[in-house]
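Coordinate inspection notes
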Amino acid sequence: MAKNGQITIFIIIGVLIVAIVGIGIYYRSDRTAEQLKSEEESVFFVEPIKDYVGSCLEKSLSNTIAYVSLQGGYYDTPERPVKFNLEANGSIDVPYYLYSENLTFPDQKKVNEQLEKGVSNYFLDCLDFSPFPYSINVREERLKTTVAVSEDKIKAEVFLPIEIEKGHLSRTIEYFS
């Protein structure tokens, strides 16, 4: 008779373990489905923002390269510039590279700094999130631009925290290249 009691207790314990594991799997899969749905929704509203910001970065880099090229490697007005008036685009300031028998070419570090400054300025001017139907908060004070120049390309990377809210969903994106 004692053996029958032990078998019954083991069967009850086994049924309880199976029930607890089953309930755990059910709640975990239900939460996972909610997370997947939330992630899908966030991708739906985050991707257009990423694409828009990426196109602004490309445009900013292109404009800065053209401007810095025309100004002899400078975004800011160089010391002792020669001013050239362009009919359609205003004027540019070109530096003297030879002044009082001194050569003053900007080095690569200086050109990178000038490119970073220009990309930052054009980039912030380009951003306009008003057409998007979301709440978008941009932390402009945290903007950090890095430009790398190599033999065959110029690459810009921007760190700018952008928080996007749509209903109960909220996502922050920070890095763009």
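Before any of the text, the structure's been laid out above.
Read on for a plain summary of the structure. Remember, predicted model here, so these are calculated numbers, not experimental data. (Residues numbered from 1 in each chain as written. Predicted model: local features only at pLDDT ≥ 70, side-chain atom pairs only at ≥ 80, totals over all residues. Heavy atoms only, no water.)

A complete count under the given rule lists one disulfide for this structure. Disulfide partner of Cys56: Cys126, at an S-S distance of 2.1 Å. Between Cys56 and Cys126 the sulfur-sulfur dihedral comes to about -80°; the bridge is accordingly left-handed. Residue Cys56 is found in helix H1 (residues 2-70), and its partner Cys126 is found in helix H2 (residues 108-126); the two are separated by 70 residues along the sequence. For the pair shown, Cys56 and Cys126 are each scored as buried. (Disulfide = S-S within 2.5 Å. Helix = DSSP H or I, 4+ residues; strand = E, 2+ residues; numbered from the N terminus. Buried < 20%, exposed > 50% of the residue type's maximum accessible area, 1.4 Å probe, protein only.)

Before going further, it helps to examine the packing of aromatic side chains. Here the structure, examined in full by the defined rule, presents seven aromatic pairs. Residues Tyr52 and Phe132 carry aromatic rings whose centres are separated by 5.5 Å and whose planes lie at 65° to one another, so their mutual orientation is edge-to-face. Of the two residues, Tyr52 is situated in helix H1 and Phe132 in the loop between H2 and strand E5 (135-138); the sequence distance between them amounts to 80 residues. Phe132 sits in the buried class, given a relative accessible area of 19%. Each ring, one from Phe159 and one from Tyr175, has its centre 5.0 Å from the other, and the planes form 55°; the classification is tilted. (Phe/Tyr/Trp six-rings, centres within 6.5 Å; stacked < 30°, edge-to-face > 60°.)

Read these as spatial facts, not as claims about activity.
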